[in-house]
Amino acid sequence: MHHATDRRLHSALRALSARFPTIESAVSEAAALRARLSLPMGVVHVISDVHGEHAKLRHVINNASGELRLLVDHILGDSLTPAQKAEFLSVLYYPREAINARSHAIVQEGRRRDWVFDMLSQQFRIIRELRRHYRRVHFEDLLPDWYRELFIELGSNQRPEYVRQMLDELARFDRDWGAVRAGARLIRNLSCDELLVIGDLGDRGPRMDAVCDTLMRQPRCRIVWGNHDMLWLGAHLGHEPTMLTMLRFSIRYRRISQLEEGYGVIMAPLERLVRQVYADDPAARFLPKGEGFRDALTIARMQKAVSILQFKAEGRLLERHPEWNLEHRRLLHRIRFEQGKAVAVTINGVEHPMADQHLPTIDPNDPYAYSPEEQACVDRLRESFTRSMRLRQHMEWMVRHGSMWTRRDDVLFFHACVPVDDKGEPLKLKVEGRDLAGRELMDAFNSIIRRAMRKRWFGLDADADWLWYLWGGPRSPLFGKDKLATFETSFLADKATHKEHKNPYFERMHDPAFVRRIGALFGMGDDVLLVNGHVPVKLENGEQPIKRGGNAITIDGAFSQAYGDRGYTLVLRPDRIDLAQHAPFQGVEAAISSGADIVPTITRVREYPTPRSVGDTLLGELIRGDIADLEELVKAYQEGSVIERDVPVRD
């Protein structure tokens, strides 16, 4: 065993030597890492439940949850007039749009050379302040290659005339505006060490594709998956129950353009089905929300058609998985038909009248089978989803950068909950023959989700079926309710049947002892701060994001316009944790023309006696491990067990 350990260590050191081929390179890196331990910990911004609101997401990222306005006031406040400050912030938030709006006037007034130089000089006053928190290599990694020398000169602030000469040459080729845009982007990237999104990137809002594009541009972004994310992942795989559910959301909120324009998914098969089967259907219970190019009645019929497809696909899925104990949610065979009309349905032993009796594609003798027209529609839709290369790119990125839960030092994050019983004990769910709960359950789903993505070329199996369960199963950590009442809200007038009961977890979040017990399941200490999204905080009903016990927060603040257009960002800083409450967003044009901004309301959640350095964090523990490995490598070089590589000799 001792020799095996030595061999593994030697192999690890040989692998490390490929990056650091000499004693000097290893010692230099160890010295830089040890110095990094003394730097302030990086600022982490946490947001939840974006739900397709790409424009607001972009603004919250661009203004660093309001922090950049405060930084500009602090550093440039005395040197800018209110008009100059408004202009500077608009260029900082939206450099391309703001420059396009102003460049003609700037050129006409003969101010181009001075305007570009002054704007860059002001930007680099901000950059010099922000870069103090980073290693030089990290800062330089963020520099665009084509402006690297210019930015290094601006950073040193020693040769302004040299900088002007460079800008004059850039202006000859109309590239000086690009330097200003790159400066703004550098500020935004330095203002946030990490962006963490705890679930639900799409649905309800207009453009899931634009949300993914925005997040993928961030230097460091991590995802904690939400239940709506499982729908998009399943749609990419061609898993019918999740694909059809996601499609129903897009139709219900009139967000079809994100599929047609964003992902190249065609709606023609569904429109053909509507013409064939639902052409005269009033579809009164399926009228959509919002505005769009297609008329409301057509959208209503499309939503009804895809809802029936969804219920059929879900019914077959639940029949495949009796171990989920969801037979009572297979409802189509419980509908009573009279003279071709659906007159009533029996749910939990109670018969309810159907508010919509026109279900022409349901065969009472085989209610979960697609009609020939439906089968043709689903086949073509599945082909369109699975062939979308852009959707595949986004889903691969989401899986690669995501997980079921994560932590940042004393803060624990997951999207929804740890399902518990009435006594607060974690509920077990049988997964692949094992009864799992809490962290073990989430870790198992981590593997299943990644496995489902890897196996997409070889056909769908039980791994893909779990994506649907994660979306809406009663013991799913991403859902946390007893049922999805979509059928009831679609077809029953009795609103009592529409009720979805939350898991006891959401009420017990107010109990600090319960929160500590949940934290312990994930290896957290008694100082744990538990953070989830999923359930919008209804301020109008007196709800608050910070729970009564003070050690749990819900940061789903109805970011989506469909839910209130507010939202929260949790900001983890070296000395404190702040909760930023965002107001509605007036749009990019208003931000440029009138200086409109989202100035959040800040609530202090937690303060630390002394500002935390990198060395005080979990990242610091990892860095100390890297330092120890480098020191072992130096020792191996010195003893000759690993041989230094030849490098060019320099005088």
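It should be emphasised that the depicted structure is a prediction, and the values quoted were computed from it without experimental measurement.

Thresholds applied
- Residues numbered from 1 in each chain as written.
- Predicted model: local features only at pLDDT ≥ 70, side-chain atom pairs only at ≥ 80, totals over all residues.
- Heavy atoms only, no water.
- Helix = DSSP H or I, 4+ residues; strand = E, 2+ residues; numbered from the N terminus.
- Rg over C-alpha atoms; globule rule 2.2 N^0.38 Å.
- Buried < 20%, exposed > 50% of the residue type's maximum accessible area, 1.4 Å probe, protein only.
- Contact = heavy atoms within 4.5 Å.
- Areas by Shrake-Rupley, 256 points an atom, 1.4 Å probe, with all protein chains shown as cover.
- Lys, Arg positive; Asp, Glu negative; His and termini not counted.
- Charge placed at Lys NZ, Arg CZ, Asp CG, Glu CD.
- Salt bridge = Lys/Arg side-chain N within 4 Å of Asp/Glu carboxyl O.
- Axes fitted to C-alpha atoms, helices over the stretch in contact; angles between N-to-C directions.
- Parallel < 35°, antiparallel > 145°, perpendicular 65-115°, else oblique.
- Left-handed = near helix turned anticlockwise from the far one by under 90°.
- Pairing = 2+ DSSP bridges.
- Patch = residues over 30% accessible without salt bridge, like charges linked within 9 Å, V, L, I, M, F, W, Y side chains within 5 Å.
- Phe/Tyr/Trp six-rings, centres within 6.5 Å; stacked < 30°, edge-to-face > 60°.
- Lys NZ or Arg CZ within 6 Å of the ring centre and 35° of its normal.

*Asks:* Help me out: how do you make sense of the overall build of the protein in this one?
*Replies:* In terms of helices and strands, the protein carries 26 helices and 16 strands. In terms of C-alpha radius of gyration, the protein reaches 28 Å, essentially the compact-globule figure of 26 Å for 651 residues. With the C-alpha coordinates aligned to their principal axes, the bounding extent of the protein is approximately 95 × 75 × 50 Å. A burial count over the protein gives 56% of its 651 residues as buried. Of all intrachain contacts in the protein linking residues separated by at least 6 positions in sequence, the fraction that spans at least 24 positions is 73%. Roughly 29,500 Å² of accessible area belongs to the protein as shown, and the carbon and sulfur atoms make up 49% of that amount. Measuring between centres, the 93 positive side-chain charges of the protein sit 1 Å from its 92 negative side-chain charges.

*Asks:* Before we go on, may I ask you to explain the pattern of salt bridges in this structure?
*Replies:* Per the stated rule, a full pass over the model turns up 54 salt bridges. Two residues, Asp174 and Arg112, come together in a salt bridge whose shortest N-O distance is 2.7 Å. Of this pair, Asp174 sits in the loop between α10 (160–172) and α11 (176–190) while Arg112 sits in helix α7 (residues 112–130), placing them 62 residues apart in sequence. When the shortest N-O distance is used, the salt bridge between Asp281 and Lys304 registers 2.6 Å. With a gap of 23 residues between them, Asp281 in the loop between α16 (268–277) and α17 (296–320) and Lys304 in helix α17 connect regions that are remote in the sequence. For Lys304, a relative accessible area of 0% corresponds to the buried category. Three or more residues are tied together by salt bridges with common partners; here these are Glu67, Arg573, Asp575, Arg576, Asp578, Arg604 and Glu607.

*Asks:* What should I look at first to understand the packing of helix α3 (residues 54–62) against helix α12 (residues 208–216) in this one?
*Replies:* Relative orientation and spacing of two packed helices are given, respectively, by the angle between their axes and the distance between those axes. Interaxial distance between α3 and α12 falls to 9 Å at its minimum, and their mutual angle equals 20°. With respect to each other, α3 and α12 are oriented roughly parallel. Handedness of the crossing formed by α3 with α12: right-handed. On α12, the residues touching His54, Leu57, Arg58 and Ile61 of α3 are Ala210, Val211, Thr214 and Leu215.

*Asks:* Help me understand the sheet that holds strand β6 (residues 350–353), please; the structure alone is not making it clear to me.
*Replies:* Sheets are built from strands that pair by backbone hydrogen bonding, the pairs being arranged parallel or antiparallel. The strand order across the open sheet formed by three strands is β4-β5-β6, and the pairing between neighbours is antiparallel. Edge positions in the sheet fall to β4 (335–338) and β6, since each has one partner strand and no second. Within the sheet, the average angular offset between the axes of one strand and its neighbour, ignoring direction, is 30°. Sheet analysis places strand β5 (residues 341–347) next to β6, joined by four bridges and oriented antiparallel. Counterpart to Thr346 in the pairing with β6 is Glu351.

*Asks:* Got a minute to help me understand a negative patch on the surface in this structure?
*Replies:* Where like charges cluster on the molecular surface, the negative patch consists of Asp626, Asp629, Glu632 and Glu639. Note that Glu639 resides in helix α26 (residues 618–639).

*Asks:* What exactly am I supposed to notice about the sheet that holds strand β3 (residues 221–224) here?
*Replies:* Here seven strands make up an open sheet; going across it, the order is β7-β3-β2-β1-β14-β15-β16 and the pairing mixed. Two strands lie at the open edges of the sheet, namely β7 (402–403) and β16 (601–607), each paired on one side alone. Alignment of β3 against β7, held across two bridges, turns out to be parallel. Among the inter-strand pairings, Ile223 is bridged to a residue of β7, identified as Gly402. Most of the contacts of helix α19 (residues 389–400) go to β3, to which it runs at about 85°, and overall it touches β3 and β7.

*Asks:* Quick question: what am I supposed to make of the environment of Ala464 here?
*Replies:* Positionally, Ala464 belongs in helix α21 (residues 462–472). Put simply, Ala464 and Met243 are 221 residues apart on the chain and 11 Å apart in space, counted from C-alpha to C-alpha. Excluding residues within four positions of it along the chain, Ala464 makes contact with His239 and Ala452.

*Asks:* Help me understand the packing of aromatic side chains in this model?
*Replies:* One pair of aromatic rings is described through two measures. These are the centre distance and the angle between the planes. Enumeration according to the criterion identifies 20 aromatic pairs in this entry. Consider the rings of Phe286 and Phe491, whose centres lie 5.6 Å apart with planes at 65°: the pair is edge-to-face. You can see Phe286 sitting in the loop between α16 and α17 and its partner Phe491 sitting in helix α22 (residues 486–491), a full 205 residues away along the chain. Under the relative-accessibility criterion, Phe491 is labelled buried at 0%. Residues Phe414 and Phe522 carry aromatic rings whose centres are separated by 5.8 Å and whose planes lie at 35° to one another, so their mutual orientation is tilted. Note that Phe414 is positioned in strand β9 (residues 411–414) and Phe522 in the loop between α24 (512–521) and β12 (529–532), a separation of 108 residues in sequence. Pair check on accessibility: Phe414 and Phe522 agree, each one buried. Grouped by ring-pair contacts, the aromatic residues Trp405, Phe414, Tyr505, Phe506, Phe514 and Phe522 constitute a single cluster. The aromatic ring of Tyr370 is capped on one face by Arg316, whose charged end is 4.3 Å from the ring centroid.

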